[in-house]
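# Geometric and topological summary
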Amino acid sequence: MGDNALPRRGSNGISRRGFIGRTGSIIGAVALAGHLTPTAAAAPGAAANPIADGARVPALIIGTGYGGSVAALRLAQAGVDVQMVEMGMNWDTPGPDGKIFPKVTSPDYRSFWLRTRTKAPLSNFLGFPIDKDVPKYTGILDAEDFAGITVYQGRGVGGGSLVNGGMAVTPKRANFAAVLPSVDADEMYDTYYPRANAGLGVGMVDPAWFDTADCYQFSRVGRKHAQRSGFAWTFVPDVYDWDYMKKEAAGTATRSALAGEILYGNNHGKKSLVQTYLAQARATGRVTISPLHKVTTVSPAAGGGYTVAIDQINTTGDTVATKTVTADRVFFAAGSVGTAKLLVKLKATGALPNLNGEVGRGWGENGNVMCGRANHMWDPTGKLQSTIPCSGIDNWDAGGAFAEVAPLPTGIETYASFYLSITKNPNRAEFTWNAATGRADLSWQTAWKQPSISMAKTIFDKINSKEGTIYRTDLFGGNKIWNDTLTYHPLGGAVLDRATDNYGRLHGYTGLYVIDGALIPGNASVNPFVTITALAERNIEKIIATDLP
């Protein structure tokens, strides 16, 4: 059957044309929804007592994502006062709809970082464009465009933990040497991975509940198709509160994952860093966070330590104050892209000229590529879909791909299976400073995604052949099968044991550290945040033991 996702008439009596018409009405309504505007509240998302101009601090952490949050907690527990500087907002104030975060199908001003039009990873559905104009605002998801790729990153206190699907995966032990060859695997698997999983609150879906829950029908279809084609299918750990999700399904708790919340934040059940590491860090009384603050330069201070220049911005991205502070130690934790961009700028502009030539190099996109498959009418994936993926298809050893069975939470039956694949893509890019434009450029080329597509096809070509199904071509615009222009998992740019020593100390400068995903050379073989967290736990333990007075 050539158009097997939508036969002319299904068992429910809905014709193909009727399905498309009804779906078009729904998608059209979604596209018009969410025209909320920011409230007039003074400086939403800002700190009550942000870092002061002229301050001297023992430790300054640039960023509040996984690595920075680990460093803040452990430094504070060791008796060090910590200032964290975060470019995004503190997401603690409800919008006009009474919610802090909007749902996936209703993006509004809160959804995107300083864009005037949304840029959803899934841009089309049944020929209808999804993106729409929105007010410019310091929203939660940054779709940062480079010449060959768009990098999706979280913006706000908690970084990427605010916007990811929460899949908390520890790499297979056999694959670890290819991820971080200079790191002792025994230490990681005996001490630091367990510590990270405990700190993040990682758990697993109840298999018995999974088998009966309406919201995971899409995942069960993914399991059936994978296993019928001979692939290993596996549950994947996550940081969602699974007891809360059971209550959502039972109707005894406010719906969150079952209400289409994830890409632009989750209002209830997800355990972001705000609920875990950052909550513990704040509880020490030694950690202060300054949201809507952006570091522009770092240079050695005359009296020791480092002079750090900071722009304070408002919710439309305008600079409202400039500050200069002095820090005894500076931890770069702005994420792979943020840290790499800042470091190449500091080297090229002469602020930190002694950084070595490895800064900016070894960047990769974790082999991310997305696709959808059109299933037969007898394989519905469900109207109600949890936004939290909990399973995957493993063909890493044979084909170089692991595919997350992802939700497509449109609120209607789509008869579609959707996947985000992580692949063993060998290509690596470099950040360089462009003096003419005053920004960092990335050398990634879209053509470099071809290995990822070929590796993902080792799974989905076989499933389509077995099931008699086809790829969807209506999800990414332009009749495309593969979304090969994005990554959710940026890694590298200040690689461990190259740009830094084996614990993240930057070469050339005492007291400067990298402690985020920039340390990992381009690929983690799985969703990377548990590895970023565990590596940060390892590194900060060593730094506290040997570097602090």
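Everything below is about the structure printed above this text.
Residues numbered from 1 in each chain as written. Predicted model: local features only at pLDDT ≥ 70, side-chain atom pairs only at ≥ 80, totals over all residues. Heavy atoms only, no water.

## Some remarks on the packing of helix α6 (residues 217–228) against helix α11 (residues 450–467)
α11 packs onto α6 with a crossing angle of 90 degrees between their chain directions and a minimal axis gap of 9 Å. On the basis of the axis angle, α6 is roughly perpendicular to α11. Residues His-225, Ala-226 and Arg-228 of α6 lie in contact with α11, whose contacting residues are Ile-463, Lys-466 and Glu-467. Looking at the contact of α6 with α11, its residues break down into 2 nonpolar, 1 polar and 3 charged. (Axes fitted to C-alpha atoms, helices over the stretch in contact; angles between N-to-C directions. Helix = DSSP H or I, 4+ residues; strand = E, 2+ residues; numbered from the N terminus. Parallel < 35°, antiparallel > 145°, perpendicular 65-115°, else oblique. Contact = heavy atoms within 4.5 Å. Nonpolar A, V, L, I, M, F, W, Y, C, P; charged D, E, K, R; others polar.)

## Details of helix α9 (residues 335–348)
An α-helical turn contains 3.6 residues, so any two residues separated by three or four positions project in the same direction. End to end, α9 covers 20 Å across 14 residues, agreeing with the expected 20 Å (1.5 Å per residue, within 8%). Of all the residues in α9, the buried ones are Ser-336, Val-337, Gly-338, Thr-339, Ala-340, Leu-342, Leu-343, Val-344 and Leu-346. Gly-350 sits one or two positions beyond α9 and adopts a positive phi of about 90 degrees. (Expected span 1.5 Å × (residues − 1). Buried < 20%, exposed > 50% of the residue type's maximum accessible area, 1.4 Å probe, protein only.)

## Some thoughts on helix α7 (residues 242–250)
Along α7, the residues that are buried comprise Trp-242, Tyr-244, Met-245 and Glu-248. Down the axis, α7 shows its buried residues gathered within 150 degrees of arc, on one side only. Projecting away from the buried face of α7 at angles above 90 degrees are the exposed residues Asp-243 and Ala-250. For α7, the elements touching its buried residues are α5 (207–210). (Arc of directions from axis to C-beta.)

## Re the environment of Gly-222
Mapped onto the elements, Gly-222 comes out in helix α6. Classification of Gly-222 by relative accessible area gives buried; the value is 1%. Put simply, Gly-222 and Ile-412 are 190 residues apart on the chain and 18 Å apart in space, counted from C-alpha to C-alpha.

## Details of the environment of Tyr-192
Examined against the element boundaries, Tyr-192 turns out to sit in helix α4 (residues 185–200). Among the residues examined, Tyr-192 registers a relative accessible area of 7% and is labelled buried. The spacing of Tyr-192 and Asn-90 is 102 residues in sequence and 28 Å in space, taken between C-alpha atoms. Beyond its immediate chain neighbours, meaning those up to four positions away, Tyr-192 contacts Glu-187, Ala-534, Glu-537, Arg-538 and Glu-541.

## Re unusual backbone geometry
At Leu-292, a residue that is not glycine, the phi angle is positive and equals roughly 55 degrees. Assignment of secondary structure puts Leu-292 in the loop between β8 (287–290) and β9 (293–300). Positive phi, close to 75 degrees, is recorded for Ser-525, a residue that is not glycine. Position of Ser-525 among the secondary structure elements: in the loop between β21 (512–514) and α12 (529–547). The class of Ser-525 is buried, set by a relative accessible area of 6%.

## Side note on the side chain of Ser-421
Within the element layout of this structure, Ser-421 appears in strand β15 (residues 416–423). When residues no more than four places from it in sequence are discounted, the contact partners of Ser-421 are Gly-367, Asn-368, Val-369, Phe-402, Ala-403, Ala-456 and Phe-460.

## With respect to the pattern of salt bridges
On inspection of all chains with the given rule, the structure shows 27 salt bridges. With a shortest N-O distance of 2.7 Å, Asp-394 and Lys-172 are connected by a salt bridge. With Asp-394 in strand β13 (residues 391–395) and Lys-172 in the loop between β6 (150–154) and α3 (176–179), this residue pair connects regions lying 222 residues apart in the sequence. Here Lys-457 ties to Asp-461 by a salt bridge, and the two come within 3.1 Å at their closest N and O atoms. Here Asp-461 and Lys-457 lie together in helix α11, a separation of 4 residues that amounts to about one turn. The class for Lys-457 is partly exposed, based on a relative accessible area of 30%. Owing to a relative accessible area of 33%, Asp-461 belongs among the partly exposed residues under this scheme. One connected set of salt bridges, linked through shared partners, spans Asp-142, Glu-144, Arg-155 and Lys-341. (Salt bridge = Lys/Arg side-chain N within 4 Å of Asp/Glu carboxyl O.)

## What about the environment of Ala-143?
Relative to the helices and strands, Ala-143 is located in strand β5 (residues 141–145). Taking relative accessible area as the criterion, Ala-143 reaches 2% and is therefore assigned buried. Sequence-wise, Ala-143 and Thr-510 are 367 residues apart; in three dimensions their C-alpha atoms are separated by 34 Å. Excluding anything up to four places from it in sequence, Ala-143 contacts Phe-112, Arg-115, Lys-119, Thr-150, Val-151 and Tyr-152.

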